[in-house]
Amino acid sequence: PEPRGRAVQLNMFCDAAHANDHVTRRSTTGLVIFILGTPILWYSKRQNTIETSTFGSEFVALKIATELLEGLRYRLRMMGIPIQGTCNTFCDNGSVVNNVSDPT
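Residues numbered from 1 in each chain as written. Predicted model: local features only at pLDDT ≥ 70, side-chain atom pairs only at ≥ 80, totals over all residues. Heavy atoms only, no water.

Engineer: Can you tell me about the packing of aromatic side chains, naming the residues and giving the values?
Structural biologist: Enumeration over the complete set of coordinates arrives at three aromatic pairs. Ring centres of phenylalanine 13 and phenylalanine 34 lie 5.7 Å apart, and the angle between their planes is 85 degrees; on these two criteria the pair is classed as edge-to-face. One end of the pair, phenylalanine 13, is in strand β1 (residues 10–17); the other, phenylalanine 34, is in strand β2 (residues 28–35), with 21 residues separating them in the sequence. Judged by relative accessible area, which is 36%, phenylalanine 13 ranks as partly exposed. Members of the aromatic cluster, each reached through a chain of ring pairs, are Phe13, Phe34 and Phe90. (Phe/Tyr/Trp six-rings, centres within 6.5 Å; stacked < 30°, edge-to-face > 60°. Helix = DSSP H or I, 4+ residues; strand = E, 2+ residues; numbered from the N terminus. Buried < 20%, exposed > 50% of the residue type's maximum accessible area, 1.4 Å probe, protein only.)

Engineer: Go over the side chain of asparagine 93, please, and point to the residues and values.
Structural biologist: Structurally, the position occupied by asparagine 93 is in the loop between β4 (88–91) and α2 (94–100). Take asparagine 93: its relative accessible area is 13%, and that puts it in the buried class.

Engineer: Now, about the nonpolar core: what can you tell me, with residues and values included?
Structural biologist: Grouped together as the largest cluster of nonpolar side chains are 18 residues, with contacts concentrated most on Leu10, Met12, Cys14, Leu31, Ile33, Leu69 and Leu76. Of all the elements, helix α1 (residues 54–78) adds the most residues to this core, at six residues. (Core = buried A, V, L, I, M, F, W, Y, C linked by side-chain atoms within 4.5 Å.)

Engineer: Go over α1 with me, naming the residues and quoting the values.
Structural biologist: Across its 25 residues, α1 extends 36 Å between first and last C-alpha, which sits within 8% of the 36 Å expected from 1.5 Å per residue. Buried residues of α1: Gly56, Ser57, Glu58, Ala61, Leu62, Ile64, Ala65, Leu69, Leu72 and Leu76, and no others. Glycine 80 sits one or two residues past α1 and shows a positive phi near 85 degrees. (Expected span 1.5 Å × (residues − 1).)

Engineer: Tell me what's going on with the sheet that holds β2, and back it up with residues and numbers.
Structural biologist: Taking strand neighbours across the sheet as the criterion, the four strands line up as β3-β2-β1-β4 in an open arrangement whose pairing is mixed. Strand pairing shows two members of the sheet lacking a second neighbour, β3 (38–46) and β4, which therefore form its edges. Averaged over neighbouring strand pairs, the angle between their axes works out to 15 degrees when direction is ignored. Taken strand by strand, α1 contacts β1, β2, β3 and β4, and its axis lies near 150 degrees from that of β1. (Pairing = 2+ DSSP bridges. Axes fitted to C-alpha atoms, helices over the stretch in contact; angles between N-to-C directions. Contact = heavy atoms within 4.5 Å.)

Engineer: Describe in detail the pairing of β2, supporting the description with residues and values.
Structural biologist: In terms of burial, β2 is largely enclosed, as seven of its eight residues are buried. Direction of pairing for β1 relative to β2: antiparallel, over a ladder of eight bridges. In the strand pairing of β2, alanine 16 is matched with threonine 29. The pairing of β2 with β3 spans eight bridges and is antiparallel. When the bridges of β3 are listed, valine 32 appears paired with tryptophan 42. Taking the residues between adjacent antiparallel strands as the criterion, β2 and β3 are bridged by two residues, where leucine 36 takes a positive phi near 50 degrees.

In structure tokens, the structure reads:
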């Protein structure tokens, strides 16, 4: 449908707690997505894989967060809500940010 109304800005914060389950050594993904400063989607779940490094767990967390964000953007577009630019994504691991950032 044709976008109507004022465009909304999306912000996403994501993090992973590496191997915080001491029995299975699985990491936990946590994320929250804001629209215009209001939290509208949050997620916290153990990851399906066992990662050997914090880089791996943060990378998996960012992958999960990106998939949820794509689904949310699709639903917003289907409701006719315009989205302002790209989503601001915040992650606390500099290596993951450098690895997934567009170099151009």
